[in-house]
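These are the residues of each chain, in order.
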Amino acid sequence: MDTTKITLILSLWLAQSLSQNMNGGYIEGLLKFIQEGTTYLREEPPDQMSILSEYDFVIVGAGAAGSVLANRLTQIREWKVLLLEAGGTENYIMDVPILTTWFQFTEVNWKYKTVPSNNVCLSMENRQCSYPRGKVMGGSTSINYMIYTRGHRRNYDEWEEMGNDGWSYKDILPYFRQIEDMTIPEMAVDKKYHSTGGEVTISYAPYRTPLADAFVQAGAELGYRIIDYNGETQTGFSYLQSLTRNGTRLSASRAFLHPIKQRTNFHVKKRSLVTKIMIDPRTKTAYGVEFIRGSKKYFVRAKKEVILSGGAINSPQLLMLSGIGPKKHLNEMNIPVIQDLKVGYNLMDHPGMITGTFVINQSVAIVTEDVLNDGRALYDFSHFHSGPLSVPAACEGIAFLDSNNLTNPDGDPNIEFLFFGGGIPSELTYYKVVGLSDKFYRNVYKHIEGAHTWTIVPLVVRPKSRGRVMLSSVNPYKKPLIYHDFYENPQDLEDELFAIKKMMELSKTSAFQKFGSKINDIPIPGCEQHKFGSDDYWRCAARHTSTGIWHLSGTCKMGPYWDPNAVVDPRLRVYGVKGLRVVDASIMPMIPAAHTTFPTMMIGAKAADLIKQDWGRR
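Cut-offs and rules
- Residues numbered from 1 in each chain as written.
- Predicted model: local features only at pLDDT ≥ 70, side-chain atom pairs only at ≥ 80, totals over all residues.
- Heavy atoms only, no water.
- Axes fitted to C-alpha atoms, helices over the stretch in contact; angles between N-to-C directions.
- Helix = DSSP H or I, 4+ residues; strand = E, 2+ residues; numbered from the N terminus.
- Left-handed = near helix turned anticlockwise from the far one by under 90°.
- Contact = heavy atoms within 4.5 Å.
- Phe/Tyr/Trp six-rings, centres within 6.5 Å; stacked < 30°, edge-to-face > 60°.
- Buried < 20%, exposed > 50% of the residue type's maximum accessible area, 1.4 Å probe, protein only.
- Lys NZ or Arg CZ within 6 Å of the ring centre and 35° of its normal.
- Core = buried A, V, L, I, M, F, W, Y, C linked by side-chain atoms within 4.5 Å.

Undergrad: Got a minute to help me understand the packing of helix 3 (residues 64-73) against helix 18 (residues 597-614) in this structure?
TA: Two packed helices can be described by the angle between their axes and the distance between those axes. At a minimum axis distance of 8 Å, the contact between helix 3 and helix 18 shows a crossing angle of 35 degrees. Once helix 3 is placed against helix 18, the crossing between them reads as right-handed. In contact with Ala 64, Ala 65, Val 68, Leu 69, Arg 72 and Leu 73 of helix 3, helix 18 contributes Thr 597, Thr 600, Met 601, Gly 604, Ala 605, Ala 607, Ala 608, Ile 611 and Lys 612.

So, in structure tokens, the structure goes:
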């Protein structure tokens, strides 16, 4: 289904719900919402119909990093910059936070899936994990859950210890602060770790269920701290900080591209799939790209650099299609090898079990379909951008724990709890997005469909398992092969088990028991041989119903010249090829204990400075 159809469906739903409460205020709210959407559409940089034959920089991908790069590089007025995006215009209704999952069914999602596995995602359709990726202006920031995290300082110090000079926490903290506009008052006063005035607005959702309070209170009841997890330390519990402005999604496109629409040295070409980096095989210099728009092929020259910001799947795919990658694999695909590099290796993500759903005895949760039929909720959002529609996919809380030292206030987290004031598998759109099979849903969750529930997704945020991206074909329209058994390393499964057991402890606190919280205890099909709640049961349940949380990273690893697995150097230049950089989450040598959106924006901001320095500008 395309975004136009879903937008029409949602608009009709909105109009129908409002019409049930027909009065001037409701009509006014609907008109206000439509007017806002029209304004945002006008503010997005237009699709350049006639592009130049040559630009100083050609950026591939308008996601978290590419949008920042375009913003920063066009600050140099004499530099001409072309931004190529395979997807189209962002739709304003995508910015309604509660509707996040709806648009993952449309053409704005690349809809990647892993190769069928015998070890993980066993309850998913065809034993495949779903990996949504944004194919739209703003990239994955236009379809993700808007969660704002940076990671622990030790994560980045480790990058530097691996040989990546300039990437320690003290080096990258200024970039986090540069792009941040913190609007939560008690955090904005912490000038060491936060700032105001950057492009990316950080806020709490203007609406909160009593279950969100219960989550934070439960953490305190068990002795954990209530913290700003983007401040000095990271271990503890908190309400969710989100990349939202005035109760709506703030994508990378809205934050970084809308404000530069009028820059005359900036062009955007949408619905343009880059199929090859043009590289002189004699000098090994990238000099442009080929792309397809409609059914026509185009070539554009890059005077200074080609910069890939396609993400951890698309960037390695394009490098390999262009002759940069593992020699053996490229030979098997009959692609002439220009540079033998470990492209596609080191794939990382944060796995988490999505079936920790607890049924309650009070009507206090967010049930999406009920909310969309609630005239009051629609009124609150259309007029004030408040109410339950302003909560990012019903996600309300977050916690980080160090399982090796739970009492250390400055622990190095390896576990995360992501708290939802509603169901995940028990909601129709959620179970489809994560890929659970219809049979699984009928057997385990159909009986609580539409019930009031809450969910914790326990995540492993310092995973040791690694996957790989490989070409399936030389046809750029064919999706690559994604191999990822995220419990391949047994320690990751044990960390998941630890997190699940701590989740169960939380559920038994008085904070949650005042709602009569009880886990949905129908056994996971395939795990019935184990006693429900035993360690072996949870290990089995994790293999069946865990999925990656879509923080794909690492496939174009950054490393020093002596690292045999490095694809780019610490200035993000592709080894052995001039005029070519990769700037996105694929360069992460080790995934941080963070949702990767904001760290990827940080990478874009730092890369822009590196590029300016390398070309003699500041």
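Undergrad: What am I meant to see in the packing of aromatic side chains here?
TA: For any pair of aromatic rings, the description rests on two quantities: the centre-to-centre distance and the angle between the ring planes. Taken as a whole and assessed by the stated rule, the structure comprises 29 aromatic pairs. Arranged with centres 6.1 Å apart and planes meeting at 90 degrees, the rings of Tyr 145 and Trp 550 form a pair that is edge-to-face. Here the residue Tyr 145 occupies a position in the loop between strand 4 (130-131) and helix 4 (153-161), and Trp 550 occupies one in the loop between strand 24 (546-548) and strand 25 (580-582), the gap between them amounting to 405 residues. With a relative accessible area of 13%, Tyr 145 lands in the buried category. On the basis of relative accessible area, Trp 550 is assigned to the buried category, the value being 14%. Site record: aromatic cluster; members linked through ring pairs are Phe 215, Tyr 224, Phe 237, Phe 358, Phe 417, Phe 419, Trp 454 and Phe 512. Looking at Lys 304, its charged tip hangs above the ring of Trp 615, at a distance of 5.5 Å from the centre. Above the face of the Tyr 345 ring, Lys 342 is positioned so that its terminal group lies 4.9 Å from the ring centre.

Undergrad: What should I look at first to understand the nonpolar core in this one?
TA: In summary, soluble globular proteins display a tendency toward joint burial of nonpolar side chains. In terms of nonpolar packing, the biggest core is built from 107 residues, with Phe 215, Leu 389, Phe 417 and Trp 538 touching the most fellow members. Take this core: its biggest share by element is 7 residues, from helix 15 (residues 490-507). Leu 83, Met 137, Val 268 and Ile 587 belong to the second-largest nonpolar core, a separate cluster that totals 93 residues.

Undergrad: Would you mind showing me how to read unusual backbone geometry here?
TA: In terms of backbone geometry, most residues other than glycine have negative phi values and most peptide bonds are trans. In this structure, Cys 121 takes a positive phi of about 55 degrees despite not being glycine. Residue placement: Cys 121 occurs in the loop between strand 3 (112-113) and strand 4. Taking relative accessible area as the criterion, Cys 121 reaches 0% and is therefore assigned buried. Positive phi is not limited to glycine here, since Arg 271 has a value of about 50 degrees. Structurally, the position occupied by Arg 271 is in the loop between strand 10 (266-269) and strand 11 (272-280).

Function-wise, these values are silent; they only describe arrangement.
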